[in-house]
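The residues making up each chain are set out below.
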Amino acid sequence: MSEIEKIKSVLENAEAIVVGAGAGLSTSAGFTYSGERFEKYFSDFQTRYGFSDMYTGGFYPYKTLEEHWAYWSRYIMINRYMDATIPVYEELFELVKNKNYFVITTNVDHCFQKAGFDKSRLFYTQGDYGLFQCSEPCHQKTYDNEEQIRAMYEAQKDMKIPTELLPKCPVCGKPMSMNLRADDTFVEDEGWHKAALRYEDFLNENKEKNIVYLELGVGGNTPGIIKYPFWNMTYSNPKAKYICINKGEAVVPKEIENQSICVNNDIWTVLMELVPQK
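Residues numbered from 1 in each chain as written. Predicted model: local features only at pLDDT ≥ 70, side-chain atom pairs only at ≥ 80, totals over all residues. Heavy atoms only, no water.

Enquirer: Would you mind going over the overall build of the chain with me for this structure?
Expert: When you go through the chain residue by residue, the secondary structure sums to eleven helices and nine strands. In summary, the chain has a C-alpha radius of gyration of 20 Å against a globular reference of 19 Å for 278 residues, a match within 12%. C-alpha extents for the chain along the principal axes are approximately 60 × 40 × 35 Å. Each of the 278 residues in the chain was classed as buried or not, and the buried ones make up 49%. Of all intrachain contacts in the chain linking residues separated by at least 6 positions in sequence, the fraction that spans at least 24 positions is 65%. In the structure as shown, the chain presents an accessible area of about 13,700 Å², 49% of it carried by carbon and sulfur atoms. Distance between charge centroids for the chain: 1 Å, based on 30 positive and 39 negative side chains. (Helix = DSSP H or I, 4+ residues; strand = E, 2+ residues; numbered from the N terminus. Rg over C-alpha atoms; globule rule 2.2 N^0.38 Å. Buried < 20%, exposed > 50% of the residue type's maximum accessible area, 1.4 Å probe, protein only. Contact = heavy atoms within 4.5 Å. Areas by Shrake-Rupley, 256 points an atom, 1.4 Å probe, with all protein chains shown as cover. Lys, Arg positive; Asp, Glu negative; His and termini not counted. Charge placed at Lys NZ, Arg CZ, Asp CG, Glu CD.)

Enquirer: How should I be thinking about the sheet that holds strand β4 (residues 127–134) in this particular structure?
Expert: Whether parallel or antiparallel, the strands of a sheet pair through hydrogen bonds between backbone atoms. Spatially, three strands are ordered β5-β4-β6 in an open sheet, and the strand pairing comes out antiparallel. Single-partner strands in this sheet number two, and they are β5 (142–144) and β6 (176–180). Between one strand axis and the next, the sheet turns by 50° as a mean value, whatever way the strands run. The pairing of β4 with β5 spans three bridges and is antiparallel. Note on β5: the bridge partner recorded for Phe-132 is Tyr-143. Together, β4 and β6 form the strand contacts of helix α5 (residues 65–81), whose direction differs from that of β4 by roughly 145°. (Pairing = 2+ DSSP bridges. Axes fitted to C-alpha atoms, helices over the stretch in contact; angles between N-to-C directions.)

Encoded structure:
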């Protein structure tokens, strides 16, 4: 039996599926942060500041907030409000939509909800490009940013936005920042805590069942959020199965080898084989 057939069989017989998604899933969907896509949208920033990928540009010490938000509004516009070019998330939804599923992800690009996933079955642990927070933060609340981001994106000139468009905290007046977990200022708002509890409840309700931990594109940056817990939960339940699909990084500890299926291939390629095509 091929790896694909094994995965089909495991998913068909699953009583619950926990999807753990990392950056590799969005990369497979076309959200690449370097190369041709970076040059298409950020060649002017590359020429002026010398960085050669979007991730590095996000940490660049811009001299003014006008420059900072020119970069970030463009970054958020293309990675949050523009759609992915390859329907990886839609195919994944087709695979699990009729199952008892829950998703935990370190991705912050909102692709799961765009593809139709139930918001109450999603836990975005690291934030959302679509949210602002106070940079202090003076309070534990986040704010939708689409209208402001679109305005910044449209109005920027010479890699700066107009000063009047700089986002400020409605409570203390300090600059706003992105709701992304980069340091200890990250705001875990009410929605974040509710999602964390729903995820915990799902795990507790299903941990002793015929459960599948489906890990997609999770790298080595933050293995303590998805990868290591998935390994431990699989090890703790003889009925559990662990599936890892990750091009070049699909590995498993020997303790759970007999409960695991690893596929070193592009996620989109694998999903096209797993999901019946119309």
